[in-house]
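# Tertiary structure, described
Chain by chain, the residues:
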Amino acid sequence: QVPLVESGGGLVQPGGSLRLSCAASRITFNIYNMAWYRQAPGNARELVAVITSGGSTNYADSVKGRFTISRDNAKNTVYPQMNSLKPEDTAVYLCNANRIGRSIWGQGTQVTVSS
């Protein structure tokens, strides 16, 4: 069983919204900092948003005011709510769980913003 499984990706029109999910298993979820990255073809992997084990958040400048990251420790799940999507948000979105000495990646989910 893969420790991190992303879902919720798909095709959305510019200006639309999507909510991704990353469900964790076989880890002590509440002690991990959780992050979302994205990678578009030909581009480097980019950090999009982070939520720490204590609930603090941080965002890339490109998504500030449009994306909101949250976590539900009871469900071992982290969510980015993505609003006002733009074509340049098109990418594979990957979930990451990290703490000192360990970094775990999901397999990613495709988000395509296009009319």
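The notes below deal with the structure included here. On a predicted model such as this, the values are computed, not experimentally measured, just so you know.

## Let's talk about the side chain of arginine 38
Inspection of the secondary structure assignment puts arginine 38 in strand β5 (residues 33–39). Of the residues examined, arginine 38 reaches a relative accessible area of 6% and is grouped as buried. Here serine 62 takes part through its side chain, which lies 3.4 Å from a polar atom of the side chain of arginine 38. Ignoring any residue separated from it by four or fewer positions in sequence, one finds arginine 38 in contact with Ala44, Arg45, Glu46, Val48, Ser62, Val63, Phe67, Glu88, Asp89, Ala91, Val92 and Tyr93.

## A short note on the pattern of salt bridges
Here the idea is simple: oppositely charged side chains can pair when their charged atoms come close. Applying the stated criterion across every chain yields a total of four salt bridges. Taking the shortest distance from any N to any O, the salt bridge between aspartate 61 and lysine 64 comes out at 3.2 Å. Given the relative accessible area of 64%, aspartate 61 is considered exposed. Its salt-bridge partner being arginine 66, residue aspartate 89 comes within 2.7 Å of it at the nearest N-O pair.

## Comments concerning the environment of leucine 20
Structurally, the position occupied by leucine 20 is in the loop between β3 (18–19) and β4 (21–24). Residue leucine 20 is classed as buried on the basis of its relative accessible area, which comes to 0%. Here the alpha-carbon distance between leucine 20 and asparagine 58, two residues 38 residues apart in the chain, equals 17 Å.

## Observations regarding the packing of aromatic side chains
In total, this model carries one aromatic pair according to the counting rule given. Directly above the ring of tryptophan 105 sits arginine 45, whose terminal nitrogen or CZ lies 4.5 Å from the centroid. Across the ring face of tyrosine 32, the terminal group of arginine 99 is positioned such that the distance to the ring centre comes to 5.8 Å.

## Topic: the nonpolar core
Ranked by size, the top nonpolar core spans 30 residues in total, and within it Leu4, Met34, Trp36, Val78, Met82 and Tyr93 carry the most contacts. The set of elements that each furnish at least two residues to this core consists of β4, β5, β6 (46–51), β8 (67–72), β9 (77–82), β10 (91–99) and β12 (109–113). The dominant element in this core, judged by the number of residues it contributes, is β10, at four residues. Ignoring anything within four residues of it in the chain, the contact list for methionine 82 reads Gly16, Ser17, Leu18, Leu20, Arg66, Phe67, Tyr93 and Val111.

## Description of the state of the cysteines
In total, this model carries one disulfide according to the counting rule given. Sulfur-sulfur distance for the disulfide between cysteine 22 and cysteine 95 comes to 2.1 Å. Across the S-S bond of cysteine 22 and cysteine 95 the torsion is about -85°, and the bridge reads as left-handed. Of this pair, cysteine 22 sits in strand β4 while cysteine 95 sits in strand β10, and the two are 73 residues apart along the sequence.

## Side note on the pairing of strand β11 (residues 102–105)
As paired strands, β10 and β11 are joined by four bridges and run antiparallel to one another. Considered in β11, the bridge of asparagine 96 is made with tryptophan 105. Taken together, β10 and the strand that follows it, β11, pair antiparallel across an intervening segment of two residues, in which glycine 101 is found at a positive phi of about 85°.

Rules of the game
- Residues numbered from 1 in each chain as written.
- Predicted model: local features only at pLDDT ≥ 70, side-chain atom pairs only at ≥ 80, totals over all residues.
- Heavy atoms only, no water.
- Helix = DSSP H or I, 4+ residues; strand = E, 2+ residues; numbered from the N terminus.
- Buried < 20%, exposed > 50% of the residue type's maximum accessible area, 1.4 Å probe, protein only.
- Polar contact = N/O pair within 3.5 Å; in protein donor to acceptor, adjacent residues only side chain to side chain.
- Contact = heavy atoms within 4.5 Å.
- Salt bridge = Lys/Arg side-chain N within 4 Å of Asp/Glu carboxyl O.
- Phe/Tyr/Trp six-rings, centres within 6.5 Å; stacked < 30°, edge-to-face > 60°.
- Lys NZ or Arg CZ within 6 Å of the ring centre and 35° of its normal.
- Core = buried A, V, L, I, M, F, W, Y, C linked by side-chain atoms within 4.5 Å.
- Disulfide = S-S within 2.5 Å.
- Pairing = 2+ DSSP bridges.

By themselves these figures say nothing about function.
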